[in-house]
Amino acid sequence: MKTSYEIAQNYESNYWNNRKNDPVGIIHDLESSYAIGAHLQAQGILNFEYDSFLDVGCGGLGIGNLWLINAKNKYGLDPLTILIPQANLLLDNFINNIQSKTTYIKSKAENMPFDKNIFDIIVCNNVLDHVDQPVQI
Ligand SMILES: C[S@@+](CC[C@H](N)C(=O)[O-])C[C@H]1O[C@@H](n2cnc3c(N)ncnc32)[C@H](O)[C@@H]1O
């Protein structure tokens, strides 16, 4: 029998495989960061360039909030393989640019392969309800 994690990740895998060819869906996903983006903006967090930023569960296109936060060293962690977009030339360029500036780690957040206290800022958006061990993460 499949675990709830396996069922959820099967859904996520299909979701992102469809998304990579769907410009309107990608725009919808970008818009879904509005609430967290507005919060970060209100806190003044978007006004700085950070040394290092980690997006935990950055999604199958590797976008997450990586496009919103300015950092010299950006990391995206997700158990899924990061896909190449083929949706629309302008959006593809936008995503390719994010991907080219990000180091992706294919891993579950329960086993993050990082030393402690190395990131200036970490975002984890719309992920904890997907995982087996949210408290550990
Ligand atoms: C709803 S998507 C959210 C993606 C992105 N954070 C965003 O806001 O667009 C949930 C993501 O969590 C990832 N995920 C699921 N279990 C995870 C885990 N244990 N550790 C890290 N990421 C996980 C999935 O692969 C998926 O990409």
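Residues numbered from 1 in each chain as written. Predicted model: local features only at pLDDT ≥ 70, side-chain atom pairs only at ≥ 80, totals over all residues.

Visitor: Help me out: how do you make sense of the site of the ligand in this one?
Guide: Close to the ligand lie 20 residues; G57, G59, K108, A109 and H130 are nearest. For the shell around the ligand, a count of residues per class yields 7 nonpolar, 8 polar and 5 charged. (Near = placed C-beta within 6 Å. Nonpolar A, V, L, I, M, F, W, Y, C, P; charged D, E, K, R; others polar.)

Visitor: Is there a simple way to think about the nonpolar core in this case?
Guide: Side chains of nonpolar character tend, in soluble globular proteins, to be buried together. In terms of nonpolar packing, the biggest core is built from 17 residues, with F53, L54, L61, I63 and L77 touching the most fellow members. Looking at this core, the elements that each hand over two or more residues are β1 (49-56) and β2 (70-78). If sequence neighbours within four positions are ignored, I63 has contacts with D29, C58, I95 and I98. (Core = buried A, V, L, I, M, F, W, Y, C linked by C-beta atoms within 7 Å. Buried ≥ 20, exposed ≤ 12 C-beta atoms within 10 Å, placed from the backbone. Helix = DSSP H or I, 4+ residues; strand = E, 2+ residues; numbered from the N terminus. Contact = placed C-beta atoms within 7 Å.)

Visitor: Mind showing me how you'd approach helix α4 (residues 89-100) here?
Guide: An α-helical segment advances 3.6 residues per turn. Residues three or four places apart therefore align on the same side. Taking 1.5 Å of rise per residue, 12 residues should cover 16 Å, and α4 covers 16 Å from first to last C-alpha, within 8% of that figure. Little of α4 sits inside the fold, with 1 of its 12 residues counted as buried. (Expected span 1.5 Å × (residues − 1).)

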